[in-house]
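The residues making up each chain are set out below.
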Amino acid sequence: MMKKCFIMLAAFTFCFGALVYAEEVKVFASNYPLSYFAERISGNSKIVIFPEIDGDPAFWVPESADIITMQQSDIILLNGASYEKWQTAVSLPKRKIVDTSKPFRKRLIMMEESVDHAHGPSGDHSHSGTAFTTWIDINQAAFQAKAIKDAMAKKNVSSEGALNKNFESLIENLRALDTEINVIAQGHSKVPLMASHPVYQYFARRYGLNIKAVMWEPDVFPDEQMWTKLEETVKEHPAKWMIWEGEPLQKSVAKLKEMGIESVVFDPCGNRPKRGNFLSVMRQNVGNLKKVFGD
Ligand SMILES: [Zn+2]
């Protein structure tokens, strides 16, 4: 198998000047991974704003107070890849916007199926268009982190030396995750896997996994039609595991088990986790993934 290269670190730059760093800089992030990266790179969680969002931030609808917060921020970190559907209805100063997935925009995945379904209180939504869970290809996450670091350097959020140091420590963590997932997935590219939701496109591409998705929610027991569709899918795609975005209902787990399908969680962590942080959730995901392929 070809060795996958990881993001190249920017050349070391040292800053000798006696710059005054902008303590008042405000950095807005539209999802939790971006806010975690921004906190790590800035070394100052106080300047990073990630709003409290009920449900998946990919289907967030900002209120006027949120829009004012964004407009008053100095850096607006967006995931890009059509993640921020609210953007069409909100006017933001272009010069403040950082589209963190721009560095790999040519590698974004277009989705074919267009199936609408409901995501809690926000109502129906569609997964057609561009796949947006960019950061669970951890190499892409590193590019997103780099875009954040560059934007922060431009705005003098801290000294370039400090930003670089923090960035490299984050990259080390991400690189370790990327390597570990590669090692676990190696040699298993043909193993059919199911996913509970169509959010694993970049993950599957990066780590060479064979994943087909249904449109289920961890906290909703699938209806008869959904079970029938799964049965049809596994006839041609005999998966023994289903990857869930979050902890599934015991009822769903039990019924899958009857079909010979085990359940495992790989949480994309788009929203702030109840416990731990981005890194600890990803490490837990990696631990869960080991169960799928054995040791
Ligand atoms: Zn969805």
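Residues numbered from 1 in each chain as written. Predicted model: local features only at pLDDT ≥ 70, side-chain atom pairs only at ≥ 80, totals over all residues. Heavy atoms only, no water.

**A closer look at the sheet that holds strand S10 (residues 210-213)**
Heads up, the condition is: Pairs of strands are assigned from DSSP output, requiring at least two bridges between the strands. Every helix listed is a DSSP run of H or I at least four residues long, and every strand listed is a run of E at least two residues long, numbered separately from the N terminus. Between N-to-C directions, angles span 0 to 180 degrees; the directions come from axes that are lines fitted to C-alpha atoms, helices contributing only their stretch in contact.
Pairing is parallel across the open sheet formed by four strands, whose spatial order is S10-S9-S11-S12. Two strands close off the open sheet at either side, each with one partner strand: S10 and strand S12 (262-265). On average, adjacent strands in this sheet sit at an angle of 35 degrees to one another, irrespective of strand direction. Where strand S11 (residues 241-244) and S12 come together, four bridges link them in parallel fashion. Residue pairing in the sheet places Trp 244 in a bridge with Val 265 of S12.

**Let's talk about helix H3 (residues 138-154)**
The criterion, for reference: By this rule the span expected of a helix is its residue count minus one, scaled by 1.5 Å. Any pair of nitrogen or oxygen atoms within 3.5 Å is treated as a polar contact; in protein, a donor-acceptor pairing is required on top of that, and neighbouring residues in sequence qualify only through side-chain atoms on both sides.
Here H3 spans 24 Å end to end across 17 residues, near enough to the 24 Å set by a 1.5 Å rise per residue. For H3, the side-chain oxygen to backbone nitrogen distance between the N-cap and Asn 139 is 2.9 Å, and the N-cap itself is Asp 137. The positive-phi residue at the C-terminal boundary of H3 is Asn 156, with phi of around 50 degrees.

**Thoughts on the packing of helix H4 (residues 160-185) against helix H8 (residues 278-293)**
Stated formally: For this classification, under 35 degrees means roughly parallel, over 145 means roughly antiparallel, 65 to 115 means roughly perpendicular, and everything else is oblique. Residue contacts are defined here by distance: any two heavy atoms, one from each residue, within 4.5 Å place the two residues in contact. Here the nonpolar group is Ala, Val, Leu, Ile, Met, Phe, Trp, Tyr, Cys and Pro; Asp, Glu, Lys and Arg are the charged ones; every other residue, Gly included, is treated as polar.
For the pair H4 and H8, the least separation of the axes is 10 Å and the interaxial angle reads 10 degrees. With respect to H8, the axis of H4 lies roughly parallel. Residues Asn 173, Leu 174, Leu 177, Glu 180, Ile 181, Ile 184 and Ala 185 of H4 lie in contact with H8, whose contacting residues are Phe 278, Leu 279, Met 282, Arg 283, Val 286, Leu 289, Lys 290 and Phe 293. Looking at the contact of H4 with H8 residue by residue, the class counts come to 11 nonpolar, one polar and three charged.

**Remarks on the sheet that holds strand S2 (residues 48-49)**
One open sheet holds the four strands; their spatial order is S2-S1-S3-S4, and the pairing between them is parallel. Of all the strands in the sheet, just S2 and strand S4 (97-99) have a single pairing partner and so form its edges. By the bridge criterion, two bridges tie strand S1 (residues 27-29) to S2 in an arrangement that is parallel. In the sheet register, Val 27 faces S2, and the bridge partner there is Val 48.

**Comments concerning empty space enclosed by the protein**
The criterion, for reference: Cavities and pockets were defined on a 1 Å grid built from protein atoms only: a cavity is a group of points that admits a 1.4 Å probe but offers it no way out, a pocket is an open group of points flanked by protein on both sides within 12 Å along at least five of seven lines, and a lining residue is one with an atom within 4 Å of any such point. Grid points are joined across faces, edges and corners, and a volume is the space filled by probe spheres set on the points.
Per the stated rule, a full pass over the model turns up one cavity of 30 Å³ or more. Space inside the largest cavity adds up to approximately 30 Å³. Lining of the largest cavity is provided by Met 111, His 127, Thr 130, Ala 131, Phe 132, Thr 133, Pro 198, Val 199 and Gln 201. Here the lining of the largest cavity is built from residues that sort into five nonpolar, four polar and no charged.

**So, the pattern of salt bridges**
To keep things clear, this is the line we draw: Just to be clear on terms, a salt bridge is a Lys or Arg side-chain nitrogen sitting within 4 Å of an Asp or Glu carboxyl oxygen. Under the scheme applied here, a residue whose accessible area is under 20% of the maximum for its type counts as buried, over 50% as exposed, and between as partly exposed, the area being computed with a 1.4 Å probe on protein chains only.
A complete count under the given rule lists seven salt bridges for this structure. Of the charged contacts, one joins Asp 137 and Arg 206 as a salt bridge, the two residues approaching to 3.9 Å between their closest N and O atoms. Remark: Arg 206 occurs in helix H5 (residues 201-207) and Asp 137 occurs in the loop between strand S8 (129-130) and H3; sequence separation between them is 69 residues. Per residue, the accessibility class of Asp 137 equals that of Arg 206, and both read buried.

**Focus on unusual backbone geometry**
A negative phi angle is the norm for most residues apart from glycine, just as the trans form is the norm for most peptide bonds. One non-glycine residue, Ala 81, lies in positive phi territory at about 55 degrees. Looking at the secondary structure, you find Ala 81 in the loop between strand S3 (75-78) and S4. Given a relative accessible area of 8%, Ala 81 falls into the buried group. One non-glycine residue, Asn 156, lies in the positive phi region at around 50 degrees. Along the chain, Asn 156 falls in the loop between H3 and H4. Accessibility expressed as a relative area gives 28% for Asn 156, which makes it partly exposed.

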